[in-house]
Every structure is written in structure tokens, then in C-alpha cells.
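Here is how the chains run, residue by residue.
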Amino acid sequence: MMENGKEYYLREDVYFEPLFNSWYAWPYLIPPVTAARYVSKTHKRIMKSFVNNSKLHVLANKENVLTGSEFLDASENQVDVVKTLIDKIEHDLPVIEDLSQAIDKLEEVLRGHISGESIEYLYERIPDILRGYVELHMDLNHNVSYRLIEPLLYQSDLYQKSLQSVSFGLLDASLKRPFVFSTPRLADDAHIQIQLDFTSDDLDLLLTSRDVAVSGEKLNEIFHSYPTCGGLGHARLFTEDKPEGQRLEPGTNEISLRFVGHAGFLLQTDDVAILVDPLIANKDSENRDKIFSYADLPQKIDYICLTHNHQDHINLETLLQLRHRTDLVLVPKNNGGSLPDPSMRLILQTLGFKVRELDDMEQLGLNSGSITAIPFLGEHGDLNVRSKCAWLLKIHGKALFMGADSSNIDQRLYEHLKKLIGKVDVLALGMECVGAPYTWLYGALHTETPSRKIRESRRLNGSDFEQAKMMINAFGPSQVYIYALGQEHWYAHLMGINYEDDSRQITETQRTLEYCQEAGIPAENLVGRRELQL
Ligand SMILES: [Fe+2]
Ligand SMILES: [Fe+2]
């Protein structure tokens, strides 16, 4: 219990995880239809495999090389708990199972229409649960497909806010956070889970206590008002000590630039604070001098710019903790209604953010410059995913190009852009040039498993050395930063990557740095945290 009359802050070493049906909530678990696919396909498959062969899963998790694969990271005495989660999906969540099966059925119906003639008669064959939520259409080559009416789905019973909950745990060197795509969050002695949905005011208040003190009375009341589980007492999460941070305070006409980990940059002037792709870690005794955390970020964030809909770039864990400090989130525009490309705007609006979409080359004016969405090629396994852009930030005459995982698969794009953008001062490039097969992330959305050949050839690749070199030559930047490789071990639960010195992502990065050095361009591989000079 916390004492009445005293005020408390969330401890710096407390980590927060949003959950959907006991699994780490990444953005595809928010739209009803994609959520149904991942729960009914991926989650169930992994959990069943664990129940049937827990020894193998336990062994595999001891092997570092298997990081990022589908081995559930729990102990053999947790088999029964996992069985309960499977039973829940199969018996208590008819909407999830029905929605997922409805997609299989719908696609089967559409595959059968090959005449190229009118598809109006097919509406009657749309599975009932989806009727009124889809429009059928054909492309100019008479291929039939469908569009989900996403805004309507969020306002229906198919959007199940009741499956959202949150977990708090204490970082501890002896406990690692399991990989988010392989392991449900089990309510053990190291965690407390509380049945709060992501838009709850009480959740906001809990998360606000990262930087604003909340009374012990109020905190006790929240933890007693909702069902909780797990052995960690809520009093262990809070402290009377305000977390100490190093906030930036740029003077007039000054620009401060910070690398805040993974693909995250903080750009600040005396009148604007912009965060790009924040993935904010929590401080523990080991990493506290290597990272910037919540107390090091500005009290008010004007813009959060997100590059694409991958879990390490639109990180709900981070975003929910920044929601009360953020004015506007900028996201790339998408096509609307496609299963593999749910709207980032709708996901975040549903979660209570103020959001604006920017189309390719669309610009938002600032007092001292502008923010422009720049086309982003590749890195999505050739799926028709439009929800991706790089960001060009122009402030006080400086231009910063945040490329994220853009893969330079057509150099001509950058030649066109160079003419429009002009001189680039900072070029930041993601170089995870050997990404996972695209089914690693999107497999649950398929109704028929693609062949091995297809899976292996279509990967989530960022730029390699040759592609990076061409971008560097096109833009002639004053500084180059390579980033977003997932080298920080405190992001292992999200990245599922384990590099060796000779991993291609590392050697291609090294070649790029050497190339820049020979060309006289200052360049660095950013890991952890850095104060940068413009
Ligand atoms: Fe990505
Ligand atoms: Fe990434």
C-alpha cells in the first residue's frame, strides 16, 4: 500500500507493456481484423506447439542464435497457464475465431471469380460477420479484392477493447523480457497486470506519474478498482523520488539534436520539440548512462513523426507513455482498407492520439522550417504497403533526412528527390540489410502459406552498402548516421536479432563508414544515446 498524503512517481526501472489478450500489443493487434488473424493463427499456433513440446521450447530459448524465432520463452511449469490461454481463444473469443475464419472464406470466394464480369452477386457470399464492413473491387486486370471499411470496424463490437490490459514489471538483470512475437505475457511474481484499456483515464494517470507526482491515495484507488493479477505488489512500482533527467534547453536560433536509441531522434529548438520514431528504454543500474529515458525528454512534445508500421518504429509501449505530453502525431498516408496495411492514423486515433497523415512530399510548416514526408521504398516484402515514409526536417536552415528502414531499390527516386530537397546536412540510414522473410511479420494475414522460395526471396531488407552509397552520393550530406540496426540489447525483446561481428548488417555498415571516411564525410554508427552536433 502507498501512504495517503504522500506523492509518488513511477520508478525509472519499471517497464510498462500494453497487452492484447495477454500478448504484447503491437499496432497490428489494434485493428479488429488483423488482431483476429494474429491471435487465431500465430498466437494459438505458438502456444499449442509449446504445450505439445515444452522441453524443446525451453531448450531452444537457451540458444542465442534462435532469438526471434517462434519458441515460447516460458518454463515447463507454466504449461497449464498457456493451456488456459489457448482454451480462452477457442471457447471464449468467438469474435476472434469467426473474424479470422471469415477472411479465409472471403478470399476463397473471391479466388473463385475469374470471369472478369460483375462481382455484385458476390456480396451475398461474404461471411456474415464481415457483411457491411467490406467493399469488393477489381483492378484494371480484373483481379478481385476487397477493402475493409476500417473506421466502421473500430466502432463496432468487433473492436474488443475489453481484451486490452497492461503489465508493469521491474527491470532486473537476471530476468530478460521475452521476445514479443513468441511469448505471451504471463502474470508471474515479477509482474502485475491490471485490466485497464489503453484509452482509460486511470491508465493515463498511472503513466503520467513518470514525470508528475500522483497521490498515494489515488494510486491505491486505481489498483483496487480494476482486476489485477501477478505477484508484484503495486507499491513496488513507485517511489517518492522524482526521476532526474537531463533536458535540452536550446537558446534562440539554436538547434539541439539527440539520438535517443534505435531509430529515435529528438530535435529541439527554443520553440519546437520533434521526436522521430521514439523507442524509449527504461533505466536500470546497468544501462543508465547509455540511454536517454522519459525524464530526459521534453515536458511537451509538439510532434512525433512515425516512419512506418513496424513494432520498433511505432512502439505503443513508448507512445502510450508519451501520450499526455504530445500535441500531434504525424504518420504516412495509406491506401485505406487493405488487410496488410491498416491505417496508422486510425490505430493511433482509436488510442486517443491527435494524428495527422501526410502524403508523399506533403509538408507541414513550422515557425522556423518544415516537416516533409518523403517516399520510402521497399522493406515490406513487396506487399502493397503505403504506410511508410522518411521524414525531412528543415529547421533554421538545416536539413535532416531521417530515412529509417528505407531501402534504396531504385536510385532514380533519390536523384529526383535531390533536385527538390537540395543540400542535406544529416543523412540517417537504417542498414538492417538482411531482414527476416516477410512472413515473419505478415504470415498470419495469408490464407494460403507461400512457398519457401517466395518467403526467402521477399524479405524485410533495409539498405546495404551499395544502396547506402548511392544515397550518400545523391544527397552529398555533411554528416551520415547509420542507425536502427537493433544492436542495443535493451531492445532485444522487440527486435529478435543477435548479431555476430561478421553478420552482413554489421559488415555492410562498416563498409559504409569506411566509404564516408574516404570521402571526408563524418559518419557514425549510432547505438544507445548520443548528443549530436549540427
Ligand atoms: Fe522496418
Ligand atoms: Fe526497423
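Thresholds, definitions, all that
- Residues numbered from 1 in each chain as written.
- Chains lettered and ligands numbered in written order.
- Predicted model: local features only at pLDDT ≥ 70, side-chain atom pairs only at ≥ 80, totals over all residues.
- Helix = DSSP H or I, 4+ residues; strand = E, 2+ residues; numbered from the N terminus.
- Rg over C-alpha atoms; globule rule 2.2 N^0.38 Å.
- Buried ≥ 20, exposed ≤ 12 C-beta atoms within 10 Å, placed from the backbone.
- Contact = placed C-beta atoms within 7 Å.
- Arc of directions from axis to C-beta.
- Core = buried A, V, L, I, M, F, W, Y, C linked by C-beta atoms within 7 Å.
- Pairing = 2+ DSSP bridges.
- Axes fitted to C-alpha atoms, helices over the stretch in contact; angles between N-to-C directions.
- Domains from an automatic or database assignment.
- Nonpolar A, V, L, I, M, F, W, Y, C, P; charged D, E, K, R; others polar.
- Parallel < 35°, antiparallel > 145°, perpendicular 65-115°, else oblique.
- Left-handed = near helix turned anticlockwise from the far one by under 90°.
- Expected span 1.5 Å × (residues − 1).
- Bend = angle between axes of the 7 residues up to and from the residue.

Helix and strand counts for the protein chain come out as 15 helices and 24 strands. Its C-alpha radius of gyration of 23 Å places the protein chain within 12% of the 24 Å reference for a compact globule of 534 residues. Counting only C-alpha atoms and orienting by the principal axes, one finds that the protein chain spans roughly 70 × 60 × 45 Å. In the protein chain, buried positions account for 45% of the 534 residues.

Moving on to unusual backbone geometry. You will see that Asn21, though not glycine, has its phi angle at about 50 degrees, which is positive. With respect to the helices, strands and loops of the structure, Asn21 is situated in the loop between β2 (14-20) and β3 (23-24). Assessed through the 22 C-beta atoms surrounding it within 10 Å, Asn21 is described here as buried. Not every positive phi belongs to a glycine, and His142 is a case in point at roughly 65 degrees. The class of His142 is exposed, set by 12 C-beta atoms lying within 10 Å.

A separate point is the environment of Ile194. Along the polypeptide, Ile194 turns up in strand β7 (residues 191-194). Separated by 197 residues in sequence, Ile194 and Trp391 have C-alpha atoms that sit 36 Å apart. Here Ile194 is in contact with Ser165, Val166, Phe223, Tyr226 and Thr228, once residues within four sequence places are set aside.

This paragraph deals with the environment of Ser200. In this fold, Ser200 is placed in the loop between β7 and α6 (201-208). Look at Ser200 and you get partly exposed, because 18 C-beta atoms sit within 10 Å. For the pair formed by Ser200 and Ile86, sequence separation is 114 residues and the distance between their alpha carbons is 27 Å.

It is worth spelling out α6 at this point. Restricting attention to buried positions, one finds in α6 the residues Leu203, Leu206 and Leu207. Summarising the axial view, the buried residues of α6 lie within an arc of 95 degrees, below the 170-degree limit, and thus occupy one face. Tucked inside the fold, the buried residues of α6 contact β2, β6 (164-170), α7 (216-225) and α8 (316-322).

Trp391, Phe401, Met402 and Leu427 are the most contacted members of the largest nonpolar core, which totals 131 residues. Excluding its chain neighbours within four sequence positions, the residues that come into contact with Met402 are Phe265, Val276, Thr307, Ala390, Trp391, Leu393 and Ala428. Membership of the second largest hydrophobic core comes to 8 residues, among which are Phe50, Ala74, Val82 and Leu186.

Time to look at the sheet that holds strand β13 (residues 273-276). The strands making up a sheet are joined through hydrogen bonds of the backbone, oriented either antiparallel or parallel. Strand order in the open sheet formed by 7 strands is β16-β15-β14-β13-β12-β11-β24, with mixed pairing between adjacent strands. Strands at the two margins of the open sheet, each flanked by one partner only, are β16 (355-358) and β24 (530-532). The average undirected angle you get between the axes of adjacent strands in this sheet is 20 degrees. Two strands pair when backbone bridges link them, and strand β14 (residues 301-305) and strand β15 (residues 326-332) are joined in this way by 4 bridges, in the parallel orientation. The partner of Cys305 across the bridge, within β15, is Leu330.

The domain boundaries assigned to the protein chain delineate domain 1 (7-93 + 160-239), domain 2 (94-154) and domain 3 (256-532). On a C-alpha basis, the centroid separation for the pair domain 1 and domain 3 is 26 Å. Of the residues lining the interface, 37 residues belong to domain 1; the matching set on domain 3 comes to 31 residues. If one sorts the elements of the side of domain 1 that touches domain 3 by residue count, helix α1 (residues 32-52) sits on top with 6 residues. Looking at the side of domain 1 that touches domain 3 residue by residue, the class counts come to 21 nonpolar, 7 polar and 9 charged.

With antiparallel pairing, 3 strands are arranged side by side in an open sheet as β8-β1-β10. The open sheet has two edge strands with one neighbour each: β8 (214-215) and β10 (238-239). In terms of strand pairing, strand β1 (residues 7-10) meets β8 through 2 bridges, oriented antiparallel. For Tyr8, the partnering residue across the bridge sits in β8 and is Val214.

In this section: the pairing of strand β4 (residues 134-138). Pairing analysis gives 5 bridges linking β4 to strand β5 (residues 144-148), with the strands arranged antiparallel. What sits directly across from His137, in β5, is Ser145. If you look at the hairpin formed by β4 and β5, you'll find 5 residues sitting between the two strands, and His142 has a positive phi there, around 65 degrees.

The next thing to look at is the packing of helix α13 (residues 465-475) against helix α15 (residues 504-519). Interaxial distance between α13 and α15 falls to 9 Å at its minimum, and their mutual angle equals 30 degrees. Here α13 is positioned roughly parallel relative to α15, judged by the angle of their axes. Considering the relative orientation of α13 and α15, their crossing is right-handed. On α15, the residues touching Phe465, Ala468, Lys469 and Ile472 of α13 are Glu508, Arg511, Thr512, Tyr515 and Cys516. Residues that form the contact of α13 with α15 fall into these classes: 5 nonpolar, 1 polar and 3 charged.

Between α1 and helix α4 (residues 94-111), the least distance of the axes is 8 Å, while the angle of their chain directions is 100 degrees. For the element pair α1 / α4, the angle class is roughly perpendicular. For the pair α1 and α4, the contacting residues are Pro32, Val33, Ala36, Arg37, Val39, Ser40 and Lys41 in the first and Ile96, Glu97, Leu99, Ser100 and Ile103 in the second. When its residues are assigned to classes, the contact of α1 with α4 shows 7 nonpolar, 2 polar and 3 charged.

Counted at 1.5 Å a residue, the expected span for α1 with its 21 residues is 30 Å, and the 29 Å between its end C-alpha atoms agrees. At Lys44, α1 is deflected by roughly 30 degrees, the largest bend along its length.

For the rest of this paragraph, the subject is the pairing of β2. Within β2, 6 of the 7 residues are buried, which leaves it mostly tucked inside the rest of the structure. The pairing of β2 with β6 spans 7 bridges and is classified as antiparallel. Its bridge partner being in β6, Pro18 is matched across the sheet by Val166. Bridge count for β2 against β3 is 2 bridges, and the pairing is antiparallel. Bridging across to β3, Leu19 finds its partner in Tyr24. Turn length for the β2-β3 hairpin, with the two strands adjacent in sequence and antiparallel, is 2 residues, and the turn residue Asn21 shows positive phi of about 50 degrees.

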